[in-house]
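Examination of the molecular architecture
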Amino acid sequence: MTDATDAVLDSVAVDRAAELIAQATNIVVLSGAGISAESGIPTFREAQTGLWARFSPADLASPEAFARDPARVWAWYHWRRTLIARGGPNAGHHALVSLAATQHLHIITQNVDGLHQAAGSASVTELHGNIWRERCSNCAHRRTARIAEAQGDAPVRCADCGDLMRPDIVWFGEHLPTRALATAEQAVADADCVLVIGTSNQVYPAAAFVDTVVAGKATVIEINPARTPVSGDVDCCLRVSASLALPAIVAALDAGQPSR
Ligand code: APR
């Protein structure tokens with residue numbers, strides 16, 4: 001992960017972002033793993049840590065990996081669930097909740113950690129599913145794991161048919177949920193301001209939404225400590241972490257708008 005904490009907040013960029021948001025009537029957030037980095041959850045393009053260091057997510061988050069070694073895949077998801085439960089939402093997630101209190105805001109996320117909802121965001125579309133939901137590999141049984149559930153590392157079995165449950169997550173090589181895609185397409189089409197937060201814009205079709213908004217009429221604000229393929233085409237860049245930038249933008253809006 002880029003060490004965002006060393007980056008300095010550019011107050012001019014913060015004010016510009018606040019100005020663009022204040023003028024907007026329909027805000028969409030396109031968020032990726034970076035918004036959860038400050039919650040202690042490794043992003044995808046950085047090397048994994050600890051016992052998972054020798055694996056890349058693509059080695060684990062695929063139907064082939066699950067068929068080959070379901071116990072290893074479940075152990076990885078249990079590890080990630082433990083990190084999520086321990087870290088919880090950060091100041092960036094909470095700032096988006098504050099923003100949604102006075103602005104029409106919809107979040108389209110590639111993240112499966114559920115931290116936007118845990119922070120209190122109500123209008124969220126999950127393009128890649130949710131790590132806390134599980135579905136049976138064989139029958140239609142579904143369940144949602146409770147965060148407090150003992151996180152062993154054994155594969156989870158279906159209570160109805162006894163077959164293996166799998167995380168209700170879109171794995172590499174699988175299609176995104178059609179309803180989520182349709183909702184996201186409509187939200188992006190209606191938006192007049194888009195915040196692209198913590199995504200490397202490398203994984204399609206999710207990255208196509210970023211390409212669409214950058215080529216469209218909406219103003220685009222990118223929050224990412226590192227440059228991405230669209231950094232040169234956005235209206236405003238904050239080259240710092242989301243947990244630094246978003247609260248600063250909310251504070252600038254509060255300062256500038258007595259009505260908030
Ligand atoms: N704040 C904001 N952005 C950050 C922070 C931070 N604190 N720390 C890192 N970033 C940025 C990185 O610079 C990078 O551009 O977040 C981005 C994370 O990129 P990826 O790891 O590629 O994550 P993401 O873009 O969400 O990946 C998309 O790929 O592996 C699949 O399904 C998986 O949803 C994932 C998808």
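Residues numbered from 1 in each chain as written. Predicted model: local features only at pLDDT ≥ 70, side-chain atom pairs only at ≥ 80, totals over all residues. Heavy atoms only, no water.

Points about the nonpolar core
We count it as follows: Side-chain atoms within 4.5 Å are what join buried Ala, Val, Leu, Ile, Met, Phe, Trp, Tyr and Cys residues into a set we call a nonpolar core. Accessible area is worked out with a 1.4 Å probe on protein chains only. A residue is then buried under 20% of its type maximum, exposed over 50%, and partly exposed in between. Numbering of helices and strands runs from the N terminus; a helix is a DSSP stretch of H or I covering at least four residues, while a strand is a stretch of E covering at least two. By the convention used here, residues are in contact when the closest approach between their heavy atoms is within 4.5 Å.
Ile221 and Leu238 are the most contacted members of the largest nonpolar core, which has 31 residues in total. No other element matches helix α9 (residues 242-256), which puts 7 residues into this core. Leaving out residues up to four positions away in the same chain, leucine 238 has contacts with Ala13, Val14, Ala17, Ile221, Glu222, Ile223, Asn224, Ala245 and Ile249. Ranked by size, the runner-up nonpolar core spans 26 residues in total, among them Trp52, Ala65, Ala145 and Cys158.

Focus on the confidence of the model for the chain
Put simply, the rule is: Residue-level confidence of the predictor is summarised by pLDDT, bounded by 0 at the bottom and 100 at the top.
In the predicted model, the chain carries a mean pLDDT of 91, and 92% of its residues have values of at least 70. Scored below 50 in pLDDT, residues 1-5 shows 9 contacts in the model against residues more than four places distant or in partner chains.

Details of the site of the ligand
Which entries qualify depends on this criterion: When at least one non-hydrogen atom of a residue lies within 4 Å of a molecule or strand, that residue is treated as near it. For the purposes of these results, a polar contact is taken to be a pair of N or O atoms within 3.5 Å, where, inside protein, one atom must be able to donate a hydrogen and its partner to accept one; residues adjacent in sequence count only when each atom of the pair is a side-chain atom. Boundary definitions for the domains trace back to an automatic or database domain assignment.
If you check the shell around the ligand, you find 22 residues, and the closest are Glu38, Phe44, Arg45, Thr199 and Ser200. Here a nitrogen atom of the ligand and a side-chain polar atom of glutamate 38 are 2.5 Å apart. Contacts to the ligand include alanine 242, whose backbone N or O atom sits 3.0 Å from a nitrogen atom. No fewer than three residues from each of domain 1 (1-39 + 89-128 + 176-260) and domain 2 (41-87 + 130-169) sit in the shell around the ligand.

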